[in-house]
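# Reading the structure
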Amino acid sequence: MVQRLRVRYAKRGRLRFTSHRDISRAVERAVRRSGIPVAYSAGFSPHPKISYAGAAPTGVASEAEYLEIGLSSACDLERVRADLDASLPPGLDVLEVVEARSGSLADRLEASVWRLRLPGADVAAAEQAVKEFEAADRVEVERLTKKGMRRFDAREAVRSVAVVNEQERTAGQEPGPPCVILRMVVRHETPAVRPDDVLMGLRLVAGFAPPSPPEVTRLAQGPLDATTGEPGDPFDVERADGDL
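Residues numbered from 1 in each chain as written. Predicted model: local features only at pLDDT ≥ 70, side-chain atom pairs only at ≥ 80, totals over all residues. Heavy atoms only, no water.

Looking up the protein in an unreviewed UniProt entry gives the name Radical SAM protein, with the organism given as Planotetraspora phitsanulokensis.

As structure tokens, this is what we get:
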């Protein structure tokens with residue numbers, strides 16, 4: 001391996017329902033189809049050197065998914081981005097490619113920004129639930145895992161959560177019914193606290209239950225800034241090195 005690339009890609013539309021395993025297969029096919037000189041592991045069963053960090057759950061859209069690719073020969077970054085993007089199905093969109101520098105990409109992904117769209121939810125009820133959730137020292141929720149039902153605190157990992165009331169409008173029409181938007185910053189911990197865990201916490205502390213399933217999008221993930229409380233860009237190190 002002579003070059004290691006880090007890739008940010010989006011998972012949009014129907015592709016949000018694709019499992020991580022199927023996305024991995026799609027990426028491997030796209031790499032082969034586009035002629036990218038991917039490096040392979042040694043041994044009796046070589047595998048392409050492609051790894052993933054901080055993958056979003058199935059059913060969740062994302063504007064900030066990350067992977068690394070090891071190459072057997074150096075390539076132009078923009079050419080790799082364009083070729084890989086063209087070889088992936090619509091909805092898996094390659095946004096940026098940088099050459100990896102020092103450190104682990106996974107270690108930089110400390111927190112995520114999530115946007116939850118809750119059509120038809122009551123704005124006042126959502127605001128009250130958020131207040132009660134933030135005031136709580138601990139909010140225990142349960143989730144079924146591969147090892148059975150697990151109970152954990154959903155409050156500590158939530159750095160911030162806020163409510164936005166959006167009136168959705170179609171061209172030439174009056175505004176539609178209110179749509180509650182929850183925007184939250186959640187630290188990456190073990191066990192991982194997901195957006196649906198926070199929704200369950202809101203239900204437990206205040207009885208807030210949206211009338212329809214949430215539409216969840218990850219807007220960003222990266223190193224948590226202690227001053228702003230927001231995730232930074234995990235590619236800042238690579239950009240800084242490139243400017244030297």
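## Some words on the overall build of the protein
Formally: In DSSP terms, a helix is any run of H or I states spanning at least four residues, a strand is any run of E spanning at least two, and both are numbered starting from the N terminus. Exposure classes here rest on a 1.4 Å probe applied to the protein chains alone. A residue is buried below 20% of its type maximum, exposed above 50%, and partly exposed in between. Two residues qualify as a contact provided that any one of their heavy atoms is within 4.5 Å of a heavy atom in the partner residue. The Shrake-Rupley method, run with a 1.4 Å probe sphere, supplies the accessible areas, and residue values consider only the shown protein chains as cover. Charge assignment: positive for Lys and Arg, negative for Asp and Glu; neither His nor the chain ends contribute. In this description, the location of a charge corresponds to atom NZ of lysine, CZ of arginine, CG of aspartate or CD of glutamate.
Secondary structure summary: the protein contains six helices and 10 strands in total. Projected onto the principal axes, the alpha-carbon positions of the protein cover approximately 55 × 45 × 40 Å. In the protein, buried positions account for 40% of the 244 residues. Relative to all contacts within the protein whose residues are 6 or more apart in sequence, the contacts with residues 24 or more apart total 73%. In the structure as shown, the protein presents an accessible area of about 13100 Å², 49% of it carried by carbon and sulfur atoms. Between the mean site of the 35 positive side-chain charges and the mean site of the 37 negative ones, the protein shows a separation of 6 Å.

## Focus: the pattern of salt bridges
Keep this limit in mind: The term salt bridge refers to a pairing of a side-chain nitrogen on Lys or Arg with a carboxyl oxygen on Asp or Glu at a separation within 4 Å.
Enumeration over the complete set of coordinates arrives at 21 salt bridges. Between R6 and E68 there is a salt bridge, and its shortest N-O distance comes to 2.5 Å. Here the residue R6 occupies a position in strand β1 (residues 3-11), and E68 occupies one in strand β3 (residues 61-71), the gap between them amounting to 62 residues. Of the two residues examined, R6 and E68, each falls in the buried class. Among the ionic pairs, E189 bridges to R187, the shortest N-O distance being 3.3 Å. Residue class for E189 comes out partly exposed when judged on its relative accessible area of 29%. Given a relative accessible area of 23%, R187 falls into the partly exposed group.

## Some thoughts on the packing of helix α1 (residues 20-34) against helix α2 (residues 77-87)
To keep things clear, this is the line we draw: Fitted lines through C-alpha atoms give the axes, limited to the stretch in contact for helices. The angle between two N-to-C directions lies from 0 to 180 degrees. Every angle not falling under 35 degrees, over 145, or within 65 to 115 is termed oblique; those three ranges are roughly parallel, roughly antiparallel and roughly perpendicular. Each helix crossing is assigned a hand: it is left-handed if the near helix lies turned anticlockwise from the far helix by less than a right angle, otherwise right-handed if that turn is clockwise. Three classes are used: nonpolar for Ala, Val, Leu, Ile, Met, Phe, Trp, Tyr, Cys and Pro, charged for Asp, Glu, Lys and Arg, and polar for all others, with Gly counted as polar.
Contact pair α1 / α2: the axes reach a minimum separation of 8 Å and the direction vectors enclose 120°. When the interaxial angle is binned, α1 and α2 end up oblique. Between α1 and α2 the crossing geometry is right-handed. In contact with A30, V31, R33 and S34 of α1, α2 contributes D83, L84 and S87. Its residues assigned to classes, the contact of α1 with α2 comprises three nonpolar, two polar and two charged.

## Some remarks on unusual backbone geometry
P191 follows T190 through a cis peptide bond whose omega is 0°. Take P191: it is sitting in the loop between β9 (175-187) and α5 (195-206).

## Examining the packing of helix α4 (residues 123-135) against α5
Put simply, α4 and α5 touch, their axes get as near as 9 Å, and they point 95° apart. Judged by the inter-axis angle, α4 sits roughly perpendicular to α5. Seen from α4, the contacting residues are A129, V130, E132 and F133; seen from α5, they are V198, G201, L202, V205 and A206. Class assignment for the residues of the contact of α4 with α5 results in seven nonpolar, one polar and one charged.

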